[in-house]
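Summary of the model geometry
What follows is each chain in one-letter form.
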Amino acid sequence: MESRVTLENISSNQVFGGWHRQYLHDATTLNCRMRFAIYLPPQASEQQRVPVLYWLSGLTCSDENFMQKAGAQRLAAQLGMALVAPDTSPRGADVADDADYDLGQGAGFYLNASQAPWSAHYRMYDYVTQELPALIASQFPVSEVRAIAGHSMGGHGALICALTRPQDYVSVSAFSPICQPSDVPWGQKAFAAYLGSDQALWQQWDASVLMRHSQQHLPLRVDIGLADSFLHSQLRPEALEQAAAASGYPLQLYRHAGYDHSYYFIASLIDEQLRFHASHMGLLPPDTI
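These numbers were taken from a predicted model, which means no experiment stands behind them. (Residues numbered from 1 in each chain as written. Predicted model: local features only at pLDDT ≥ 70, side-chain atom pairs only at ≥ 80, totals over all residues. Heavy atoms only, no water.)

This paragraph deals with the pairing of strand β8 (residues 220–225). Here β8 lies mainly inside the structure; six of its six residues are buried. Burial of β8 is two-sided: the residues Leu220, Val222 and Ile224 facing one way and the residues Arg221, Asp223 and Gly225 facing the other way are all buried. Here strand β7 (residues 172–175) pairs with β8 via four bridges, running parallel. Across the sheet, Ser173 pairs through a bridge with Arg221, a residue of β8. In the sheet, β8 pairs with strand β9 (residues 251–256) via six bridges, with the strands oriented parallel. In the strand pairing of β9, Asp223 is matched with Tyr254. (Buried < 20%, exposed > 50% of the residue type's maximum accessible area, 1.4 Å probe, protein only. Helix = DSSP H or I, 4+ residues; strand = E, 2+ residues; numbered from the N terminus. Pairing = 2+ DSSP bridges.)

Pasting the structure below:
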């Protein structure tokens, strides 16, 4: 049972009255050892379980990028919101990898791979939607109230998790997400490797396709930087807008002049996204920005 999982605490830092900690554990869905980070605000206790926001990071990242660069802990501490950041892929000497940054370790794309050699470990969708949340719920003082967010590849991951399992979340947000992966180079390369040549299977992991057919809607905020060098070649936010219009999905998409794809952008807007989630978690009045 998940409650018997052994966690190895590898770092612990007090931040704004709460605690940022990193852990290692054996992930059964990924068949390898995994690392994740959690920030527990000062309000968290067995007597007061707090809502949790899951953050999915982008290509080449790990759990550390968001926790160290986004500056999210100050407001999370004030709101009473836990933050959880998993790694971006399975890792280890026996885990399949590739020499390119956009495939293999660090580039799991938050899907379940069906093709060898990737299928032996690359089941990040199952990990971030089922195994990790069950582990967090059994080991830490978090409530059942859950939201999800991410950046770039992780924005794609947050969108597909929310679109395929809307019952699990109260809200979803993304910075600079890959909105139509089956039609851009990053996604096509990863999908061909992980899922094979049948492009009909790719549609199951494409946020724009999933949104176009969505029946159950969640509050959704997306922030895009207009100086992002990947905006037109890799991200394609217009595809998400078109899908939202077709299905009536309540997409709030904000375009920001001057901002790029970096964590400078995320740090500049993270408070707005945290307040967005807090308003749907019951931590702030509805629609607080």
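The subject of this paragraph is the state of the cysteines. Tallied over the entire structure, the rule returns zero disulfides. Free cysteine Cys61: the closest other cysteine sulfur is in Cys161, separated by 17 Å. Its relative accessible area of 8% is what places Cys61 among the buried residues. With no disulfide partner, Cys161 has as its closest neighbouring cysteine sulfur the one in Cys179, 15 Å distant. (Disulfide = S-S within 2.5 Å.)

Let's shift gears to the packing of helix α3 (residues 124–139) against helix α4 (residues 153–164). For the pair α3 and α4, the least separation of the axes is 11 Å and the interaxial angle reads 60°. Accordingly, the angle class assigned to the pair α3 and α4 is oblique. In the crossing of α3 with α4, the sense of the turn from one axis to the other is right-handed. In this structure, α3 contributes Tyr125, Val128 and Thr129 to the contact, and α4 contributes Ile160, Cys161 and Thr164. (Axes fitted to C-alpha atoms, helices over the stretch in contact; angles between N-to-C directions. Parallel < 35°, antiparallel > 145°, perpendicular 65-115°, else oblique. Left-handed = near helix turned anticlockwise from the far one by under 90°. Contact = heavy atoms within 4.5 Å.)

Right, let's talk about the nonpolar core for a bit. When a protein is soluble and globular, its nonpolar side chains tend to lie buried together. Counting residues in each nonpolar core, the largest one holds 73 residues, and the members touching the most others are Phe36, Phe109, Tyr127, Ile136, Ile148 and Tyr194. Setting aside anything within four residues of it in sequence, one finds Phe109 in contact with Leu59, Thr88, Asp102, Met153, His156, Ile160, Ile178, Trp186, Gly187, Ala190, Phe191 and Tyr194. Trp55, Phe66, Ala70 and Ala85 belong to the second-largest nonpolar core, a separate cluster that totals 27 residues. (Core = buried A, V, L, I, M, F, W, Y, C linked by side-chain atoms within 4.5 Å.)

What follows concerns the environment of Tyr259. By secondary structure assignment, the location of Tyr259 is in the loop between β9 and α10 (263–281). According to the relative accessible area criterion, Tyr259 is partly exposed, its value standing at 31%. In this structure, Tyr259 is in contact with Gly225, Leu226, Ala227, Asp228, Phe265, Ser268 and Leu269, ignoring residues within four places of it in sequence.

To continue, consider the packing of aromatic side chains. Counting across every chain of the model gives 14 aromatic pairs. Relative to Phe36, the ring of Tyr23 lies with its centre 5.6 Å away and its plane at 25°, an arrangement referred to as stacked. One end of the pair, Tyr23, is in strand β2 (residues 18–27); the other, Phe36, is in strand β3 (residues 32–40), with 13 residues separating them in the sequence. Its relative accessible area of 11% is what places Tyr23 among the buried residues. On the basis of relative accessibility, which here comes to 0%, the residue Phe36 falls in the buried class. For the pair Tyr122 and Tyr194, a centre-to-centre distance of 5.4 Å together with 25° between the ring planes defines the contact as stacked. Of this pair, Tyr122 sits in the loop between β5 (82–86) and α3 while Tyr194 sits in helix α5 (residues 185–195); the two residues are 72 residues apart in sequence, bridging distant segments of the chain. An identical accessibility class is assigned to Tyr122 and Tyr194; each is buried. Among the aromatic side chains, those forming a connected cluster through ring pairs are Trp55, Phe66, Phe175, Tyr259 and Phe265. (Phe/Tyr/Trp six-rings, centres within 6.5 Å; stacked < 30°, edge-to-face > 60°.)

Purely spatial values, then, with no claim about function.
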